[in-house]
Amino acid sequence: MRVTKKIKEEQIRILGEVYKDTKPALIFRNPFELLIAVILSAQCTDKRVNVTTARLFQKAATPEAILSLGLAALEEEIRDCGLFRNKAKNIMATCQILCEQYGGEVPADFAKLQELPGVGRKTANVVMSVGFNAPAIAVDTHVFRVSNRLKLAAGDTPLAVEQGLMKAIPKDKWSAAHHWLIWHGRNICKARKPLCGKCPLADVCPTAIDFQPSP
DNA sequence: CTCCCGATAT
DNA sequence: ATATCAGGAG
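Residues numbered from 1 in each chain as written. Chains lettered and ligands numbered in written order. Predicted model: local features only at pLDDT ≥ 70, side-chain atom pairs only at ≥ 80, totals over all residues. Heavy atoms only, no water.

**Overview of the overall build of chain A**
For chain A, the count of helices and strands is 11 helices and zero strands. Along its sequence from the N terminus, chain A presents helices and strands in the succession α-α-α-α-α-α-α-α-α-α-α. Dimensions of chain A, computed from C-alpha atoms along their principal axes, come out at roughly 60 × 35 × 30 Å. In chain A, buried positions account for 46% of the 215 residues. Intrachain contacts of chain A at a sequence separation of at least 6 include 59% that bridge at least 24 residues. Surface accessibility of chain A: about 11300 Å² in total, with carbon and sulfur atoms responsible for 53%. (Helix = DSSP H or I, 4+ residues; strand = E, 2+ residues; numbered from the N terminus. Buried < 20%, exposed > 50% of the residue type's maximum accessible area, 1.4 Å probe, protein only. Contact = heavy atoms within 4.5 Å. Areas by Shrake-Rupley, 256 points an atom, 1.4 Å probe, with all protein chains shown as cover.)

Dropping the structure here:
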């Protein structure tokens, strides 16, 4: 199947229809809690992050409070999320910068966010999009996989896929489409065993046939 | 490219 | 047993 512009528009239309009521999976009350949750979410399920942050934010929910907690205590709080030494060190350093340079607030600025330790392009895009309602497409593992399978935006790096998606999707739908692709990746277009049999996009997906049982 | 890393699904 | 999970830094 050759994925024409027409087919991409149809893919986007179906995604928007099926996943119109989706919202962020991570639980947060403000941009700071979102930032911490997204840092913790690397190589970890959102479900596990939500359990961890619920416990953490009860004890410390501001940059100041987390700095007071101390590195060792923070490591224990977030241990279950994996990569916990790196994440704890990065969160402490980030909180330090937020306090010293931004008055304890999270800057609504993509470049400044990316300068924070433990915050790369994907995390900065999530905070801008979800936390500050700015048009952005964060390419995580799900968005990357689904976009490539659909050939909605093919690319061998997250940045290439992000740029492809920005061309294929109207700007006013960037942030919503990011959530559509994540939900689709979680529920249907799974990494290991995609459910092509019950996928609403199977007719417009060039990869679906590859997962059908051979005749 | 490698390393960081525990929990979960298959 | 092993692949995968809302990645980022060196």
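**A short note on the UniProt feature "binding site: [4Fe-4S] cluster" (unreviewed entry) in chain A**
Using the residue numbers shown here, the UniProt feature "binding site: [4Fe-4S] cluster" (unreviewed entry) corresponds to Cys189, Cys196, Cys199 and Cys205. Spatial clustering of the annotated residues is evident: they stretch over 17 residues in sequence, but the largest pairwise C-alpha distance comes to 10.8 Å. Annotated residues from the preceding list that form part of the lining of the largest cavity: these are Cys189, Cys196, Cys199 and Cys205. You can see Cys189 is positioned in the segment after helix H11 (174-187). Here Cys189 is in contact with Arg145, Val146, Arg149, His184 and Pro194, once residues within four sequence places are set aside. Within the secondary structure, Cys196 is located in the segment after H11. Owing to a relative accessible area of 13%, Cys196 belongs among the buried residues under this scheme. (UniProt positions renumbered as here; feature names shortened; annotations may be inferred. 1 Å grid on protein atoms, 1.4 Å probe; cavity = no way out; pocket = protein on both sides within 12 Å on 5 of 7 lines; lining within 4 Å.)

**Thoughts on the layout of surface pockets**
Quantified by volume, the largest pocket comes out at close to 890 Å³. Lining the largest pocket are 32 residues, with Ser41, Ala42, Cys44, Lys122 and Asp140 positioned closest to its centre. At the level of secondary structure, the elements contributing two or more residues to the lining of the largest pocket comprise helix H2 (31-40), helix H6 (84-101), helix H8 (121-132), helix H9 (141-150) and H11. Its residues placed into classes, the lining of the largest pocket shows 14 nonpolar, 12 polar and six charged. A domain split of the lining of the largest pocket shows at least three residues from each of domain 1 (5-22 + 137-210) and domain 2 (31-132). (Points joined across faces, edges and corners; volume = space filled by probe spheres on them. Nonpolar A, V, L, I, M, F, W, Y, C, P; charged D, E, K, R; others polar. Domains from an automatic or database assignment.)

**Describing the packing of H9 against helix H10 (residues 158-168)**
H10 packs onto H9 with a crossing angle of 60 degrees between their chain directions and a minimal axis gap of 10 Å. The angle between the axes of H9 and H10 places the two elements in the oblique class. The two elements H9 and H10 cross, and the hand of that crossing is left-handed. Contacts from Val143, Phe144, Ser147 and Asn148 of H9 reach H10 at Pro158, Val161 and Leu165. Of the residues assigned to the contact of H9 with H10, the class counts are five nonpolar, two polar and no charged. (Axes fitted to C-alpha atoms, helices over the stretch in contact; angles between N-to-C directions. Parallel < 35°, antiparallel > 145°, perpendicular 65-115°, else oblique. Left-handed = near helix turned anticlockwise from the far one by under 90°.)

**Looking at empty space enclosed by the protein**
Under the criterion given, the structure shown has one cavity of 30 Å³ or more. Looking at the largest cavity, its volume works out to about 100 Å³. Lining the largest cavity are 13 residues, with His184, Cys189, Cys196, Cys199 and Cys205 positioned closest to its centre. Residue classes in the lining of the largest cavity are distributed as 10 nonpolar, two polar and one charged.

**Some details on the protein's contact with DNA strand C**
Close to DNA strand C lie 27 residues, the nearest being Thr123, His142, Arg145, His178 and Arg192. Sugar and phosphate atoms form 57% of the subset of DNA strand C atoms that lie within 4 Å of the protein. A distance of 3.4 Å is found between a base nitrogen of DNA strand C and a backbone nitrogen or oxygen belonging to Ala25. Every element with two or more residues in the surface near DNA strand C is listed here: H8, H9 and H11. (Near = heavy atom within 4 Å. Polar contact = N/O pair within 3.5 Å; in protein donor to acceptor, adjacent residues only side chain to side chain.)

**A few points about the protein's contact with DNA strand B**
Around DNA strand B, the neighbouring residues are Gln43, Arg48, Arg79, Asp80, Gly82, Leu83, Phe84, Arg85, Asn86, Lys190 and Arg192. Of what DNA strand B places within 4 Å of the protein, 60% of the atoms are sugar or phosphate. Within the backbone of Arg85, one N or O atom sits 2.5 Å away from a phosphate oxygen of DNA strand B. In the model, a phosphate oxygen of DNA strand B is placed 3.0 Å from a nitrogen or oxygen of the Asn86 main chain. With three residues, H6 is the single largest residue contributor to the surface near DNA strand B.

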